[in-house]
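Descriptive structure summary
Below are the chains, spelled out letter by letter.
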Amino acid sequence: MSGKRKIAIIVRHETSQKCIGKGCLRAFNSFEDSFERYHGEDIELVAFCDDGGVTDDPIENLKARIEQFKKYGVNTVHVSTCNRAKNPNYETMLALLAEEFEVVGYTHGSAKRKLSSETQPGDEEHNKL
Ligand code: SF4
C-alpha cells in the first residue's frame, strides 16, 4: 500500500459491554498477531468502534460505520476476534467491508478461526465471555 495505512478496528457490540479492547490494542501497539503484517509500514489507528449489535437490521448499522470510515480515510478494517467467534453476521460483514477496504478477519490471537464453544488459549478476554 502506498501512503499511510489507516486502520479501523470494529468489535462486537455485545462483547464491548464487558471488554475494553485490551487484547485488540495490545496486538495493534506491539505489531503482533493480525497486525504483525504491518512491520515497517506507517500505520495509524483511526477508529475503534463496535458494530452496533445484533438488531433488526445489523447491516444498516454496518453501512453507517462504513460511511464514517470512508469519511476519515480508513483504508484497512480489522474485524475483531470476538466478532469472528460469536457474530452470526461475521461473513456478511467481511463481504460488505471488502467492497470498500482491505479487510482482515481478526485482531488478536490465532489466525485460525475457532468456534465460540472452543477455548482460545492465551485469550483470557474470550474465555470470560
Ligand atoms: S477481540 Fe478480544 S480484546 Fe478485542 S474487543 Fe473482542 S474480546 Fe475484547
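Definitions and cut-offs
Residues numbered from 1 in each chain as written. Predicted model: local features only at pLDDT ≥ 70, side-chain atom pairs only at ≥ 80, totals over all residues. Near = placed C-beta within 6 Å. Helix = DSSP H or I, 4+ residues; strand = E, 2+ residues; numbered from the N terminus. Nonpolar A, V, L, I, M, F, W, Y, C, P; charged D, E, K, R; others polar. Buried ≥ 20, exposed ≤ 12 C-beta atoms within 10 Å, placed from the backbone. Arc of directions from axis to C-beta. Core = buried A, V, L, I, M, F, W, Y, C linked by C-beta atoms within 7 Å. Contact = placed C-beta atoms within 7 Å. Axes fitted to C-alpha atoms, helices over the stretch in contact; angles between N-to-C directions. Left-handed = near helix turned anticlockwise from the far one by under 90°. Pairing = 2+ DSSP bridges.

As a further point, take the site of the ligand. As a matter of local geometry, the ligand sits amid 15 residues, with Cys19, Gly23, Cys24, Ser80 and Cys82 nearest to it. Those elements that provide at least two residues to the shell around the ligand are α1 (13-16), α2 (22-29), α4 (81-86) and α6 (124-127). Broken down by element, the residue count for the shell around the ligand peaks at three residues, all from α2. Considered class by class, the residues forming the shell around the ligand number four nonpolar, nine polar and two charged.

Buried within α2 are the following residues: Gly23, Cys24, Ala27 and Phe28. One side of α2 carries all its buried residues, which in axial view fall inside an arc of 130°. Away from its buried face by more than 90 degrees, α2 exposes Lys22 and Asn29.

On to the nonpolar core, then. One finds Ala8, Ile9, Ile10 and Val77 to be the most contacted residues of the largest nonpolar core, which totals 19 residues. Elements with a contribution of two residues or more to this core: β1 (5-11), α2, β3 (76-79), α4 and α5 (90-98). For this core, the element with the highest residue contribution is β1, accounting for five residues. Discounting residues that sit within four places of it in the chain, Ala8 has contacts with Val46, Ala47, Phe69, Val74 and Val77.

This next bit is on the packing of helix α3 (residues 58-71) against α5. Close contact between α3 and α5 brings their axes to 11 Å; oriented N to C, the two are set at 35°. Every pair of crossing elements has a handedness; the one defined by α3 and α5 is right-handed. For the pair α3 and α5, the contacting residues are Ile59, Leu62 and Ile66 in the first and Thr92, Met93, Leu96 and Leu97 in the second. Among the residues making up the contact of α3 with α5, the classes are represented as six nonpolar, one polar and no charged.

Attention shifts here to the sheet that holds β1. Here we have four strands laid out as an open sheet, ordered β2-β1-β3-β4, and parallel in their pairing. Since the sheet does not close on itself, it has two edges, and those belong to β2 (43-50) and β4 (102-104), each with one partner. Strand after strand, the sheet turns through a mean of 20° between neighbouring axes, direction not considered.

With respect to the helices, strands and loops of the structure, Asn75 is situated in the loop between α3 and β3. For the pair Asn75 and Val46, spaced 29 residues apart in sequence, the C-alpha separation works out to 9.8 Å. Filtering out sequence-adjacent residues up to four positions away, Asn75 remains in contact with Met1, Arg5, Lys6, Phe101 and Glu102.

Just distances and angles here, no functional claims.
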